[in-house]
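A closer look at the structure
Chain by chain, the residues run as shown.
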Amino acid sequence: MAGGDKSTKTLREVWRRAENSLCADCGKPDPDWASSTLGVFICLSCSGIHRNIPSISKVKSLKMDHWDDAQVQFLAKHGNAVTKSMYEAHIPIYYYQPTYNDCQVLREQWIRAKYERKEFTELGKQLLYTDGVKEGILWKRGRDSGQFQPRKFLLSEREGCLKYFTKQDAKEPKINVKIDVINATFQPEKIGNPNGLQITYLKDNKTRNIFVYHKSGKEVVDWFNAIRSVQFHYLKVAFPIASDNEIKSRLTRNFLKEGYMEKTGPKDAFAKGEVFVGSRENGYSVQKGLPSGTQGNFSWPYGITIVTPDREYLFTCETEADQLDWITAFTGIINQAMTPQEYAIEAYFKFKS
């Protein structure tokens, strides 16, 4: 804490301000660390990232470290609100601002972008993910071999697509994916690399995945935000009356839930492992348990029934906690209105069935 009684009291008062009740970088409640050079209150996890950029930020514990009078006055003069007004003044609306639930590379590059590179201090600053085109090498996992190989990727706002090439001098891409069917999310554990990015897209209304990484955290996060930038501008043209915030909500999204359930039922067009889940107003719902009299080779006891306009899908979970988590995830989807793209996918599934 602070040196004298007066400074200690001042530090506590500043710490208790509403603006300082959340970590300035990830939003985690009750931060108990602060930067004596930036004037922000941060959580333990973010303080570790700050500590890796000592030329910019000096961090100290608010509970255990000594704060001299000058440092306390600096905190009192600044705090999260004032510092954010400087370092977050001009964040592009499509730029992903991570929370404490996000992976390390996203949080680290967000902190470095703000304080070290000062990417958001000037209006209209030209950044590598705002050009509408990005080209470079990402390490891609082979579908059959499982080995990562360098591949050239090209993202184009003008063409509205993402391409990758098996050879750097290849003229024709291996895959050409329209930007409106792409989702990107960081999956470091799943990919086995701290900078692992999963790019999911639809091909013939079937889900496909590309697993990539780059050794540079900045580079892979730049790719992620470049995809969001191109998506945002594409959707602005496609839906001119939609607000910026409405469009932002349709950009890359994290998976709500990923895991294992057992499934049984008649063999049909959905044996490939995909079930379309729409909105409640369109006849979709989720129910705890299985219909009475259900027969099947289930080995897990906790059932879930997905009701669609055409039929019911039966799943079981290994634990009750998994069952409740899946029900919560499905309910979140069902409570949302469907987009035009989702109506098209629904129609495809009905046609195939």
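Residues numbered from 1 in each chain as written. Predicted model: local features only at pLDDT ≥ 70, side-chain atom pairs only at ≥ 80, totals over all residues. Heavy atoms only, no water.

1. Some thoughts on helix 5 (residues 104-116)
The end-to-end C-alpha separation of helix 5 is 17 Å, in line with the 18 Å expected for 13 residues at 1.5 Å each. Within helix 5, 10 of the 13 residues are buried, leaving the element largely enclosed by the surrounding structure. Taken together, the buried positions of helix 5 are occupied by Val 105, Leu 106, Arg 107, Gln 109, Trp 110, Ile 111, Arg 112, Ala 113, Lys 114 and Tyr 115. Tucked into the core, helix 5 has its buried residues touching helix 2 (44-51), helix 4 (79-87), strand 8 (182-186) and helix 7 (217-238). Positive phi shows up at Lys 118, right after helix 5, with a value of about 50°. (Helix = DSSP H or I, 4+ residues; strand = E, 2+ residues; numbered from the N terminus. Expected span 1.5 Å × (residues − 1). Buried < 20%, exposed > 50% of the residue type's maximum accessible area, 1.4 Å probe, protein only. Contact = heavy atoms within 4.5 Å.)

2. Quick notes on the domain arrangement of the chain
According to the domain assignment, the chain contains domain 1 (2-116), domain 2 (133-249) and domain 3 (262-351). Its C-alpha centre places domain 1 at a distance of 43 Å from the equivalent point of domain 3. (Domains from an automatic or database assignment.)

3. Brief notes about the pairing of strand 8
For strand 8, the tally of buried residues reaches five of five residues, placing the bulk of the element in the interior. Here strand 8 shows a buried face lined by Ile 182, Ala 184 and Phe 186 and a second buried face lined by Asn 183 and Thr 185. For strand 8 and strand 9 (residues 197-203), the ladder comprises five bridges, and the chain directions are antiparallel. Bridging from a neighbouring strand, Asn 183 pairs with Thr 200 of strand 9. (Pairing = 2+ DSSP bridges.)

4. Some points on the environment of His 78
Within the fold, His 78 resides in the loop between helix 3 (69-77) and helix 4. A residue is classified by how much of its surface remains accessible, and His 78, at 14% relative accessible area, is buried. Residue contacts for His 78: discarding those within four places in its chain leaves Arg 17, Glu 19, Leu 38, Gly 39, Thr 83 and Met 86. At 2.9 Å, the side chain of His 78 and the backbone oxygen of Phe 74 are in polar contact. (Polar contact = N/O pair within 3.5 Å; in protein donor to acceptor, adjacent residues only side chain to side chain.)

5. A look at the sheet that holds strand 6 (residues 161-165)
Read across the open sheet, the seven strands follow the order 7-6-5-4-10-9-8; overall the sheet is antiparallel. This sheet does not close on itself; its edge strands, each paired only once, are strand 7 (175-178) and strand 8. Within the sheet, the average angular offset between the axes of one strand and its neighbour, ignoring direction, is 35°. The pairing of strand 4 (residues 133-141) with strand 5 (residues 148-156) spans nine bridges and is classified as antiparallel. By the bridge assignment for strand 5, Val 133 is matched with Ser 156. (Axes fitted to C-alpha atoms, helices over the stretch in contact; angles between N-to-C directions.)

6. With respect to the sheet that holds strand 1 (residues 33-35)
Within the open sheet, the three strands sit side by side as 2-1-3. Their pairing is antiparallel. Only two strands of the sheet have a single neighbouring strand rather than two, namely strand 2 (41-42) and strand 3 (59-61). The sheet contact formed by strand 1 and strand 3 spans three bridges and is antiparallel. Across the sheet, residue Ala 34 finds its bridge partner in strand 3, namely Lys 60.

7. Considering the confidence of the model for the chain
In this model, the chain carries a mean pLDDT of 89, and residues with pLDDT of at least 70 account for 93%. Confidence, read as mean pLDDT per element, is least for helix 10 (residues 340-352) in the chain (71) and greatest for helix 5 (98). Below pLDDT 50 for its whole length, residues 266-272 participates in nine contacts with residues either more than four positions away or in separate chains. (pLDDT = per-residue confidence, 0-100.)

8. So, helix 7
Taking 1.5 Å of rise per residue, 22 residues should cover 32 Å, and helix 7 covers 32 Å from first to last C-alpha, within 8% of that figure. By the criterion of burial, helix 7 is predominantly enclosed, with 16 of the 22 residues buried.

9. Side note on the nonpolar core
Across soluble globular proteins, nonpolar side chains show a tendency to be buried alongside one another. If you look at the biggest cluster of nonpolar residues, it comprises 55 residues, and the most contacted ones within it are Ile 42, Phe 153, Leu 155, Ile 182, Phe 186, Leu 197 and Ile 199. No other element matches helix 7, which puts nine residues into this core. The two domains that each donate at least three residues to this core are domain 1 (2-116) and domain 2 (133-249). Setting aside chain neighbours within four positions, we find Leu 155 in contact with Gly 132, Val 133, Lys 134, Cys 161, Leu 162, Ile 179, Trp 223, Ala 226, Ile 227 and Val 230. (Core = buried A, V, L, I, M, F, W, Y, C linked by side-chain atoms within 4.5 Å.)

10. A look at the environment of Cys 161
Relative to the elements of secondary structure, Cys 161 occurs in strand 6. Cys 161 sits in the buried class, given a relative accessible area of 2%. C-alpha separation for the pair Cys 161 and Tyr 96, spaced 65 residues apart in sequence, amounts to 20 Å. Apart from the residues within four sequence positions on either side, Cys 161 is in contact with Leu 154, Leu 155, Ser 156, Asn 176, Val 177, Lys 178 and Ile 179.

11. Quick notes on the pattern of salt bridges
Taken as a whole and judged by the stated rule, the model has 14 salt bridges. Between Arg 117 and Glu 119 there is a salt bridge whose closest N-O contact spans 2.7 Å. The class for Arg 117 is partly exposed, based on a relative accessible area of 25%. Lys 236 is the partner of Asp 244 in a salt bridge, and the nearest nitrogen-oxygen pair spans 2.8 Å. Each of Asp 25, Lys 84, Glu 88 and Lys 114 takes part in one network of salt bridges that share partners. (Salt bridge = Lys/Arg side-chain N within 4 Å of Asp/Glu carboxyl O.)

12. Topic: the environment of Gln 104
Relative to the assigned elements, Gln 104 resides in helix 5. For the pair Gln 104 and Ile 49, spaced 55 residues apart in the sequence, the C-alpha separation amounts to 8.9 Å. A polar contact is formed between the side chain of Gln 104 and the side chain of Arg 107, at a distance of 3.1 Å.

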